[in-house]
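Residues per chain, in single letters:
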Protein chains: 4
Amino acid sequence: MSPTERLQFMELLAREFGPDPKAIAKAHAAYAKSVGSPDQWEAESRLRQAVVSPRSKILRQFNELPDGLKFLVDLRADVLKLIDSHRSLGVLDRELQNRLTSWFDVGFLELRRITWDSPAALLEKLIDYEAVHQIRSWNDLKNRLDSDRRCYAFFHPRMPREPLIFVEVALTGEISRNIQPLLDESAPLEDPTAATTAIFYSISNTQVGLRGVSLGNFLLKRVIEALRGDLPGLGTFSTLSPLPTFRLWLDQQFARDAIPLDADDLAALAEATGAAATPALLQQTLQRTRWSERPDLIAALEGPMVTLARHYLTEVKQGRFPFDPVARFHLGNGARVERLNWAADISVKGFNQSYGMMVNYRYLPEAIEENVDRYSEGGEVILAPGLAA
Amino acid sequence: MSPTERLQFMELLAREFGPDPKAIAKAHAAYAKSVGSPDQWEAESRLRQAVVSPRSKILRQFNELPDGLKFLVDLRADVLKLIDSHRSLGVLDRELQNRLTSWFDVGFLELRRITWDSPAALLEKLIDYEAVHQIRSWNDLKNRLDSDRRCYAFFHPRMPREPLIFVEVALTGEISRNIQPLLDESAPLEDPTAATTAIFYSISNTQVGLRGVSLGNFLLKRVIEALRGDLPGLGTFSTLSPLPTFRLWLDQQFARDAIPLDADDLAALAEATGAAATPALLQQTLQRTRWSERPDLIAALEGPMVTLARHYLTEVKQGRFPFDPVARFHLGNGARVERLNWAADISVKGFNQSYGMMVNYRYLPEAIEENVDRYSEGGEVILAPGLAA
Amino acid sequence: MSPTERLQFMELLAREFGPDPKAIAKAHAAYAKSVGSPDQWEAESRLRQAVVSPRSKILRQFNELPDGLKFLVDLRADVLKLIDSHRSLGVLDRELQNRLTSWFDVGFLELRRITWDSPAALLEKLIDYEAVHQIRSWNDLKNRLDSDRRCYAFFHPRMPREPLIFVEVALTGEISRNIQPLLDESAPLEDPTAATTAIFYSISNTQVGLRGVSLGNFLLKRVIEALRGDLPGLGTFSTLSPLPTFRLWLDQQFARDAIPLDADDLAALAEATGAAATPALLQQTLQRTRWSERPDLIAALEGPMVTLARHYLTEVKQGRFPFDPVARFHLGNGARVERLNWAADISVKGFNQSYGMMVNYRYLPEAIEENVDRYSEGGEVILAPGLAA
Amino acid sequence: MSPTERLQFMELLAREFGPDPKAIAKAHAAYAKSVGSPDQWEAESRLRQAVVSPRSKILRQFNELPDGLKFLVDLRADVLKLIDSHRSLGVLDRELQNRLTSWFDVGFLELRRITWDSPAALLEKLIDYEAVHQIRSWNDLKNRLDSDRRCYAFFHPRMPREPLIFVEVALTGEISRNIQPLLDESAPLEDPTAATTAIFYSISNTQVGLRGVSLGNFLLKRVIEALRGDLPGLGTFSTLSPLPTFRLWLDQQFARDAIPLDADDLAALAEATGAAATPALLQQTLQRTRWSERPDLIAALEGPMVTLARHYLTEVKQGRFPFDPVARFHLGNGARVERLNWAADISVKGFNQSYGMMVNYRYLPEAIEENVDRYSEGGEVILAPGLAA
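Everything numeric here is computed off the predicted structure, so don't read it as measured data. (Residues numbered from 1 in each chain as written. Chains lettered and ligands numbered in written order. Predicted model: local features only at pLDDT ≥ 70, side-chain atom pairs only at ≥ 80, totals over all residues. Heavy atoms only, no water.)

1. Focus: the interface of chain C and chain D
Step number 1: Opposite the 46 residues of chain C that make contact, chain D presents 46 residues.
Step number 2: Summing the contributions of chain C and of chain D, the shared interface buries around 3700 Å²; its carbon and sulfur component is 54%.
Step number 3: Of all residues in chain C, the largest losses of buried area upon contact with chain D belong to C:W41, C:R48 and C:F108, amounting jointly to 18% of the total for that side.
Step number 4: Remark: the boundary between chain C and chain D carries eight salt bridges.
Step number 5: D:R55 is the salt-bridge partner of C:E44, the closest N and O atoms lying 2.7 Å from each other.
Step number 6: Broken down by element, the residue count for the side of chain C that touches chain D peaks at nine residues, all from helix α6 (residues 89-103) of chain C.
Step number 7: Across the side of chain C that touches chain D, the residue classes tally to 18 nonpolar, 13 polar and 15 charged. (Contact = heavy atoms within 4.5 Å. Buried area = accessible area lost by both parts, 1.4 Å probe. Salt bridge = Lys/Arg side-chain N within 4 Å of Asp/Glu carboxyl O. Helix = DSSP H or I, 4+ residues; strand = E, 2+ residues; numbered from the N terminus. Nonpolar A, V, L, I, M, F, W, Y, C, P; charged D, E, K, R; others polar.)

Below you can see the structure in the form of structure tokens.
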């Protein structure tokens, strides 16, 4: 189908194959009347049946075809691309999401470890899909699958060659504070059986069409279980994560002259540079010097940048929850903010996202449930004891 | 859980975890108002969301547990046992059916051939689950898996050791008219590559909890495909099926003296027995003689019994469709009635179900779709040319 | 090929495809001359090459065919059947044994656990091949594969559906002294994780054509390893074995009036029966009474029978080694005689082999190597401390 | 073990663990005497037993260890490195070769197709082991595993991750005359189902320790079978092979002024260059001009070069067989020389081996056996009709 035909097909599905409003009205009237009576349960079932759309039966029929499930995932990716300009596709998007949520229920997903012994065609997909720290070559990939690393992915039985989401893990002796050593192909191998700490340093979703179908939280839960079963020496589980919108926010504060720091916070930087302790100095140092090559500047920047990042994580919100999407993901899964690492990613991408700042979100298995509750009820950002002080 | 606790748990799920009637009313009002406007699509999605029950989320959480899917299937089996005496369980039954229909979508089912090389633990389940012609021993089973037989089952990836439905097939040179040779362990082997005809002689559902989740029609479709791929010499696909409620109906007609036959129909029987050509003679011969041991009586009974069976299939209805459940199944899947076989199952069970009558339902691959349409629209019972005459 | 043609083919292989005596003589002369000189190594290789027969190349060519290896194993079984009456087949038998010994080198064998989940076609072979305690039915087999049992077999990669040798193991709390409870299908299940003891109660070779190719000793070694890895609670490894030729020997002693017992040994039996304490009394009691149904006779027979069995195991020889073939096998593998169990197998077969006597041969992992050395050097029959006294 | 220790271990094995010359002498005397008598067969077996060395039993014991087989293959590679300087290792080399020949019998080898879905760790080994046309990158490798290519390898069940020998095949519409298009990653894909011709363009042995154990001939036989089964449209099977020692020989002829050409053969070249038609002109053109960039020179060189290559293949011998090792391999396997391709490999390696000349050896399935016989008996180099003329 040409793009135009695809769009016509999608709009047809959305507009012409909805449920029958009259049948719905009738079922609803019966339901409303039945509430509290012994008939309520049957009326509820009938109402539920009435809102089922012919559209949804058509989607089910695709699933019978050999590659039907992948087709539907890709169809939703197409819908998502067009939805802003074609509002009626919204109902199709929601039906697809409902159906895919049911079909990609975590109970059906298979956790598989990926190693250098996995099929090359599968490994090639990791190279394509990696969304956090680009895989530059097959050697880079081999390093990430070495004996002191782990990589896990979820698969669906009907799409056995397509990883849905995958996580890369480094096995270390302490919580990593810097990404470059983890990506350094020439770094010496660690002994995995001596490792105490698992660092989740990259998590990538691969299927645009599964947006809104939660996979990540279950992946981390199952991977932590798998790692503990495999390597009983592991006791600490933490991410080393980007702060993808920190710089965006910070640059806005520079522009609005609204940096939440005072001169004391900037004293060390002023001393190192011989300039006045102002936000403008901070901005200038960050943007116009090669601070990442000067240990004295790195040191002088650490205090104010950590303060700003903590402020950003705890005070800057989208609704009741943090503005930062990665923070929302990990805090929502029950992690706490363990440490803020200055100059932790000095790549171009790291600089563009967060001036090089990274975060460790730590999963304490015994505290996860309580954290999920505190976060989801009150939007509380839980900090490690040292950070909260 | 004790049976009482299980019942309490089920009733709790049914009664306390329904959707919120007020939220539904509000969503319905908005939807009703939006019909025809550009807001309709979003309102439809919101209404659909409003009827989702907390109950259904609880069911999904079970699916995350290792044997959660099997637990839910078994839960529904329990619900079905109690539903007649506990009407409020109906809503739970429907939710479970909806959910299981989605999770057991045919797209997720795996067709596997079962052979004598399959695990003994699996084969033992065939012995347990066989519902049509009892498997009497491992030798009986081995005969049904021999080189001139085929056996296929659907499996779900989350219940890999549990066949959901299975069919037994004999490869023959013509449409079988009698079940005993197929069950005879000492019958000589046929050459499968010379076979022209596949006889489906037993289909068994195994999971009570999947009642109403259609599996059988897809199974036959996929098995016919698999057989054609494997053995290109096969051109004829037919069942050899019981008529499970034929005797029930016939005995009622005897009791009401309403047998749709006249004296001419019974002339041969009268001659063979030297008695008067009356329905009473027919009843007496069927019920009080050892006719199955007397070729002359078998021959004399054939005419009237075939006439009665054709009448039963074409005229005796449940709603618009045939009264006989096996007929409903095969005709609904697009088969036609090919032949009525008198004295085709002279076992005790065959006698109790249908005085030994059996039916061939034939699947003509090129006519299936048209047949499904004719049957489902007008309830038409399609007969082979010879029978219709 | 007809039997006659097969025999002709075998005799042809044996007689016409030997090495060239002249070439051998020349190579031997060169070798004999070279001993001690730098040419010795090359001369040795040439001599070895000269004795290779065209026959052996023909055997290798069979191995290239799809079922060639099984063909050769079966060919050797045929040769063994005919060898007594056709002496020239001896050379073919030896060549086949050499070749099969190389191809069935233990390094190529695969140890597989057999369970109720194994293919029925494989399990059926266990029923056929079981040589020690007949498997009477599929239920009997299922009992032997239950959760408190283990069954292991060796397979060759080229004969993947054919077990070469298999052992049946019961997991217990102590060394079993009686076979009937192990074969009792209604006996309650033990908890395998609580087991301390593994009882090897049946070992069967399946391929006549592999006679002389040792498989059993490696099987036990590998199975003990596998069991220890799987169930760390296991510390005791013992057989419960028949004494297959004990009665043969004992009846000969009766006939020759050479029973190595005196009146004291028989005093209890004399008391229980009220007869004189003579070997004749022993013989009569064993052969003409239903002693197995009378606890007093069982008790009175125990002393003399254990004494006789110990004498039989330690004093009755074939060459330097015990006369009993099962004793030779286990003692040669490094076991010791742990206990002699009177009235341990009261089946007809047990009575015919040994009047019901059985033996525990125990494998103490730390003593196996030393035991093998003591046995193979001096033919020493190692007894457990209690027995030796 | 250090290199010195390894050498000492090998020399110990070679020198101290030979058979007993006296026992051999005795067995040989008995054998010599028995020839023609009924005792001959037993005497032959005894003599064969006598020449078995303790050395060989030690080698078998290594095979019981988990990676024992790979250890022995690597041990032989070490022996081969040292054998020229340590003559006594010869006997160990021969024993290892005998044993490995038996254990790597073609009957035990498993042919596997290698694709882009094979484990990356395995594909990496192809990159390492490729010995004919270097694999420059993962993209180069992917091109060689694309849908219009095939790659097959032999594996041993005990070394499942180690390809022993592999062949790369291109599926084409005609016999390829030039290697560069086959190695060109940007060349368009062919439709494999339309292919008529399979071109074997690279065969690599991977294990030095298996020298003298023939694998290549069986590999080609099995691959041709597999290809015919898979793609019935294939009718032509040919190699595109290097002539690895052609330049070596040709340069020797230049040096000795013994080029078997006359002025007529060189007339076209003389005309194209304006120089005299002499062997010196040929040598100069080949070695000092950029002829591969000048179509006129390529054309003018073709006649004399093809003549020389045919002469080289048919007249230049090592013993009774061709001097060229690749020619010996394919002609010995039953191929014929199909075509000589001038300027077929203009890489540096191709230039150094053969001034760019390549050969198609063609396997005509129906003529293979006859060709093998003609070649192995009389050393006949079979040429395609066009070439022979």
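Following the structure, the description resumes.
2. Points about the relation of the copies chain C and chain D
Step number 1: Each copy superposes on the other: chain C lies on chain D with an RMSD of 0.1 Å after a rotation of 180° and an axial shift of 0.1 Å. Accordingly, the operation relating the two chain copies is best matched by a two-fold axis.
Step number 2: When the interface residues of chain C are mapped onto chain D, 100% of them again lie at the interface, so the same face is used by both copies. (Least-squares fit on C-alpha atoms with pLDDT ≥ 70 in both.)

3. What about unusual backbone geometry?
Step number 1: With a phi angle near 50°, A:Y355 is a residue other than glycine that sits in the positive phi range.
Step number 2: Residue classification places A:Y355 among the buried residues on the basis of a relative accessible area of 0%.
Step number 3: Positive phi outside glycine occurs at C:A343, with the angle close to 55°.
Step number 4: The residue C:A343 is located in the loop between β9 (336-341) and α16 (348-354) in this model. (Buried < 20%, exposed > 50% of the residue type's maximum accessible area, 1.4 Å probe, protein only.)

4. Some details on the interface of chain A and chain B
Step number 1: Contacts between the two partners involve 45 residues from chain A and, on the opposite side, 46 residues from chain B.
Step number 2: Together, the buried faces of chain A and chain B total about 3700 Å²; carbon and sulfur atoms form 54% of this surface.
Step number 3: On the chain A side of the interface with chain B, the three residues burying the most area are A:W41, A:R48 and A:F108, jointly 18% of the side's total.
Step number 4: In this assembly, chain A and chain B are joined by eight salt bridges.
Step number 5: Between A:R87 and B:D39 there is a salt bridge, with the nearest N and O atoms lying 2.7 Å from each other.
Step number 6: Here chain A and chain B share 18 residue pairs in polar contact (both at pLDDT 80 or more) between them.
Step number 7: Going through the elements one at a time, α1 (3-16), α2 (21-34), α3 (40-51), α4 (54-63) and α6 (90-103) of chain A are the ones with two or more residues in the side of chain A that touches chain B.
Step number 8: No other element matches α6(A), which puts nine residues into the side of chain A that touches chain B.
Step number 9: Along the lines of polarity and charge, the residues of the side of chain A that touches chain B split into 18 nonpolar, 13 polar and 14 charged. (Polar contact = N/O pair within 3.5 Å; in protein donor to acceptor, adjacent residues only side chain to side chain.)

5. Here's the deal with the domain arrangement of chain A
Residues and elements named next belong to chain A.
Step number 1: According to the domain assignment, chain A contains domain 1 (3-106), domain 2 (107-234) and domain 3 (246-388).
Step number 2: Tallying the contact residues gives 15 residues for domain 2 and 17 residues for domain 3.
Step number 3: Counting the surface lost from both domain 2 and domain 3, the interface buries some 1200 Å², and carbon and sulfur atoms represent 56% of this.
Step number 4: Three residues stand out in domain 2 for area buried against domain 3, namely I175, R177 and Q180, and they jointly supply 39% of the buried area on that side.
Step number 5: Our enumeration of links across domain 2 and domain 3 arrives at zero salt bridges.
Step number 6: In this structure, the connection of domain 2 to domain 3 is made through eight residue pairs in polar contact (both at pLDDT 80 or more).
Step number 7: For the side of domain 2 that touches domain 3, the leading source of residues is helix α10 (residues 216-230), giving five residues.
Step number 8: Each residue belonging to the side of domain 2 that touches domain 3 can be placed in one class, and the counts come to seven nonpolar, six polar and two charged. (Domains from an automatic or database assignment.)

6. Describing the relation of the copies chain A and chain B
Copies of the same chain, two in number, are related to each other by a rotation about an axis and a translation along it.
Step number 1: In the superposition of chain A on chain B (RMSD 0.1 Å, axial shift 0.0 Å), the rotation amounts to 180°.
Step number 2: Most of the interface of chain A is mirrored in chain B, where 100% of its interface residues are also at the interface.

7. Section: the environment of B:E110
Residues and elements named next belong to chain B.
Step number 1: With respect to the element layout, E110 can be found in strand β1 (residues 110-113).
Step number 2: The exposure class of E110 is partly exposed, given its relative accessible area of 37%.
Step number 3: Considered as a pair, E110 and A226 are 116 residues apart in the sequence and their alpha carbons are 12 Å apart.
Step number 4: Apart from the residues lying within four places of it in its own chain, the contact partners of E110 are A153, F154 and F155.

8. A short note on the arrangement of the chains
Step number 1: The two units chain A and chain C remain apart, with a minimum C-alpha distance of 16 Å.
Step number 2: The two units chain B and chain D remain apart, with a minimum C-alpha distance of 16 Å.

9. Let's talk about helix α3 (residues 40-50) of chain D
Step number 1: Most of α3(D) sits out of view: eight of its 11 residues are buried.
Step number 2: For α3(D), the set of buried residues is D:Q40, D:W41, D:A43, D:E44, D:S45, D:L47, D:R48 and D:A50.
Step number 3: Residues of α3(D) that are buried make contact with α1 (3-16), α2 (21-34), α4 (54-64) and α6 of chain C together with α2 (21-34) of chain D.

10. Things to note about the nonpolar core
Step number 1: Ranked by size, the top nonpolar core spans 87 residues in total, and within it A:F104 and A:M305 carry the most contacts.
Step number 2: No other element matches helix α14 (residues 295-315) of chain A, which puts nine residues into this core.
Step number 3: With residues near it in sequence (within four places) discarded, A:F104 still touches A:L69, A:V73, A:L109, A:H156, A:M159, A:L164, A:L210, A:V213 and A:L215.
Step number 4: In terms of nonpolar packing, the next biggest core, distinct from the first, is built from 86 residues, A:F108, B:L72, B:L269 and B:L282 among them. (Core = buried A, V, L, I, M, F, W, Y, C linked by side-chain atoms within 4.5 Å.)

11. Some words on the pattern of salt bridges
Oppositely charged side chains may form a pair once their charged atoms are brought near each other.
Step number 1: Here the structure, examined in full by the defined rule, presents 118 salt bridges over all chains.
Step number 2: The network of salt bridges with common partners includes A:E130, A:R136, A:D140, A:R144, A:E168 and A:E185.

12. Focus on the environment of C:L210
Step number 1: Mapped onto the elements of the fold, C:L210 is located in the loop between β4 (197-205) and α10 (216-230).
Step number 2: Each C-alpha atom of the pair C:L210 and C:L286 lies 38 Å from the other, and the pair is 76 residues apart in sequence.

13. Digging into the packing of α1(C) against α4(C)
All names here are of chain C.
Step number 1: Two numbers describe how α1 lies on α4: the axes approach to 8 Å, and their chain directions differ by 130°. It follows that α1 is oblique to α4 by the angle criterion. Counting all contacts with α1, which are made through F9, L13 and A14, the residues of α4 involved are R55, I58, L59 and F62.
Step number 2: Grouping the constituent residues of the contact of α1 with α4 by class yields six nonpolar, no polar and one charged. (Axes fitted to C-alpha atoms, helices over the stretch in contact; angles between N-to-C directions. Parallel < 35°, antiparallel > 145°, perpendicular 65-115°, else oblique.)

14. Focus on helix α11 (residues 246-255) of chain A
All names here are of chain A.
Step number 1: Of the positions making up α11, those classed as buried are F246, R247, W249, L250, Q253 and F254. In a view along the axis of α11, the buried residues occupy a sector of 160°, so they form one face of it.
Step number 2: Tucked inside the fold, the buried residues of α11 contact α13 (279-288), α14 and α16 (348-354).
Step number 3: Among the residues trailing α11, D257 stands out with phi positive, at a value near 55°. (Arc of directions from axis to C-beta.)

15. Some remarks on the packing of aromatic side chains
Step number 1: Using the criterion set out here, one finds 50 aromatic pairs over all chains in the structure.
Step number 2: Here B:F246 and B:Y312 contribute two aromatic rings whose centre-to-centre distance is 5.3 Å and whose plane-to-plane angle is 55°, an arrangement assigned as tilted. Linking B:F246 in helix α11 (residues 246-256) with B:Y312 in helix α14 (residues 295-315), this pair joins segments that are 66 residues apart in sequence.
Step number 3: Considering the side-chain rings of D:F62 and D:F71, the 4.8 Å spacing of their centres and the 25° angle between planes classify their relative orientation as stacked.
Step number 4: Residue classification places D:F71 among the partly exposed residues on the basis of a relative accessible area of 28%.
Step number 5: Taken together, A:W116, A:W138, D:W116 and D:W138 form an aromatic cluster joined through their ring pairs.
Step number 6: The ring of D:W103 carries the charged tip of D:R99 above its face, separated from the ring centre by 5.1 Å.
Step number 7: One cation-aromatic arrangement involves D:R112 over D:F155; the distance from NZ or CZ to the ring centre is 3.7 Å. (Phe/Tyr/Trp six-rings, centres within 6.5 Å; stacked < 30°, edge-to-face > 60°. Lys NZ or Arg CZ within 6 Å of the ring centre and 35° of its normal.)

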